Each structure stands twice: as structure tokens, then as C-alpha cells.
Amino acid sequence: MFKLGNGVWWRQGAPLPLRLVIGYGFLAHGWAKVSRGPAGFGKLLGQIGAPLPELTAWVSTLIEILGGVAILAGAFVAVVSVPLILMMLVAMFTVHLRYGFSAINTIGLTADGPQFGPPGYEVNLLYIAGLLALILGGAGPLSIAGLLTRGKRDPA
């Protein structure tokens, strides 16, 4: 499982926090769309000119939920990462790019506290980078893929 002798053990565990944060992030965003009704998200998609906004809303919601669960579990990571990356690119170029890089854009300060503007594309790039790291480095030994690979190498 973890190779303690040559100092690689921590690198093998590195995908786990990535998978937990990225998987939970997509799952949470997808679940928020389901709980509010994807039709509301469809209206937003219609405003930015997305084709078939209601269908696109349902498809993207399902991709986020199923993709988030798969990333969390470490199953089919390379396969589910492709549509998730595409979604991040679409969101980045259609919504976030015009607001600059920073995910937190402070636009003013009132007696109630700071006022924030729309987020830039920073978070999109972080998700894309994390997904690419998981594609290139694998889901790690603490994953469904890792368990299946271990089962093939070490017959019981």
C-alpha cells in the first residue's frame, strides 16, 4: 500500500485530499442545483446564450453529481474528469473571465462589512489543475481504482 522505506508514502496519499475537495465541490454544486431545481439554472444558462438551456441544466447537474461521487470514490477518475474540465472551461469563458483572475473581488466596504463582486476564473483553474493532476497521477491507493489494481496484483 504505502512504501515507507523510500519516502514515497506521502506522495501516494497525495491524491486523497485532492479527490475529497474536488469531489465534494462538484457534488455540492450539483446538489445545490437539484435542491433549487435545475430549471432555475436553465434560466441562467439561457441568459448567457447556452443552447437548449433546460436540457443543458439537467445534464450539467447530473455530471456534477455523478462526477463528484466518482471523484470522491476514486472510480473512473480520468473518464469523469473530461466532462468536468469541459464544464469548468465553459463556465470560465462564458461567465468568470470578464471579472478577472481573483475568486474574491472586493468592490466596496459598508458599515455591514465588505461587499463582493462576481468571482473571477481562479477557482475554475484550480478545479481544472486538480482534475489534471488526478488524471496524470491517478486516484491513488486509497480509492476504488487503487483497490481494484491492488486486487489484480495481489491475488488472494
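Up top is the structure these notes are about.
A short tour of the structure in this document, coming up. A quick note: this is a predicted structure, and the numbers were derived from the prediction, not measured.

### Some thoughts on a nonpolar patch on the surface
On the surface, Val82, Leu86, Leu89, Phe93 and Leu97 cluster together into a nonpolar patch covering about 450 Å² of accessible area. Mapped onto the elements, Leu89 comes out in helix 5 (residues 77-96). Overall, Leu89 belongs to the partly exposed group, its relative accessible area being 30%.

### Considering the packing of helix 2 (residues 15-36) against helix 4 (residues 53-73)
Where helix 2 contacts helix 4, the two axes come as close as 7 Å, and the packing angle between them is 155 degrees. As judged from the angle between their axes, helix 2 and helix 4 are roughly antiparallel. When the axes of helix 2 and helix 4 are compared, the crossing they make is left-handed. Contacts from Arg19, Leu20, Ile22, Gly23, Tyr24, Phe26, Leu27, His29, Gly30, Trp31, Lys33 and Val34 in helix 2 reach Thr61, Glu64, Ile65, Gly68, Val69, Ile71, Leu72 and Ala73 in helix 4.

### As for the pattern of salt bridges
Any two side chains of opposite charge can pair, so long as their charged atoms come close to each other. On inspection of all chains with the given rule, the structure shows 1 salt bridge. Where Glu64 meets Lys33, a salt bridge forms, and the shortest distance between an N and an O atom there is 2.9 Å. Taken together, the residues Glu64 in helix 4 and Lys33 in helix 2 connect sequence positions 31 residues apart. A relative accessible area of 6% means that Glu64 is categorised as buried.

### What about the nonpolar core?
Ranked by internal contacts, the top residues of the largest apolar core, which has 14 residues, are Ile22, Phe26, Ile71 and Leu131. Listing elements by their share of this core, those giving two or more residues are helix 2, helix 4, helix 5 and helix 6 (122-137). Among the elements that make up this core, the one with the highest residue count is helix 5 (5 residues). Beyond its immediate stretch of four places on either side in the chain, Leu131 contacts Ile22, Phe26, Ile71, Ser81, Leu84 and Ile85.

### A closer look at helix 6
If you check helix 6, its first and last C-alpha atoms are 22 Å apart, about what 16 residues at 1.5 Å a residue would give, namely 22 Å. Residues of helix 6 that are buried in the fold lie against helix 2, helix 4 and helix 5. Looking one or two residues past helix 6, Gly138 carries a phi angle of roughly 90 degrees, positive in sign.

### Regarding the environment of Tyr99
Relative to the assigned elements, Tyr99 resides in the loop between helix 5 and strand 1 (105-110). You can call Tyr99 partly exposed: its relative accessible area is 33%. Expressed as a C-alpha distance, the spacing of Tyr99 and Gly117, which sit 18 residues apart in the sequence, is 8.4 Å. Leave out the neighbours within four places in its chain, and Tyr99 touches Asn105, Pro118, Pro119 and Gly120.

### Observations regarding the pairing of strand 2 (residues 113-117)
Where strand 1 and strand 2 come together, 5 bridges link them in antiparallel fashion. Bridging across to strand 2, Leu109 finds its partner in Pro114. Hairpin connection, strand 1 to strand 2: the antiparallel pair is bridged by 2 residues.

### Side note on the environment of Leu44
In this fold, Leu44 is placed in helix 3 (residues 38-47). Once the C-alpha coordinates of Leu44 and Ala57 are considered, the two residues, 13 residues apart in sequence, prove to be 9.0 Å apart.

### Regarding the side chain of Ser60
With respect to the helices and strands, the residue Ser60 is situated in helix 4. Relative accessible area serves as the criterion here: at 9%, Ser60 is assigned to the buried category.

What counts, and at which threshold
Residues numbered from 1 in each chain as written. Predicted model: local features only at pLDDT ≥ 70, side-chain atom pairs only at ≥ 80, totals over all residues. Heavy atoms only, no water. Patch = residues over 30% accessible without salt bridge, like charges linked within 9 Å, V, L, I, M, F, W, Y side chains within 5 Å. Areas by Shrake-Rupley, 256 points an atom, 1.4 Å probe, with all protein chains shown as cover. Salt bridge = Lys/Arg side-chain N within 4 Å of Asp/Glu carboxyl O. Helix = DSSP H or I, 4+ residues; strand = E, 2+ residues; numbered from the N terminus. Buried < 20%, exposed > 50% of the residue type's maximum accessible area, 1.4 Å probe, protein only. Axes fitted to C-alpha atoms, helices over the stretch in contact; angles between N-to-C directions. Parallel < 35°, antiparallel > 145°, perpendicular 65-115°, else oblique. Left-handed = near helix turned anticlockwise from the far one by under 90°. Contact = heavy atoms within 4.5 Å. Core = buried A, V, L, I, M, F, W, Y, C linked by side-chain atoms within 4.5 Å. Expected span 1.5 Å × (residues − 1). Pairing = 2+ DSSP bridges.

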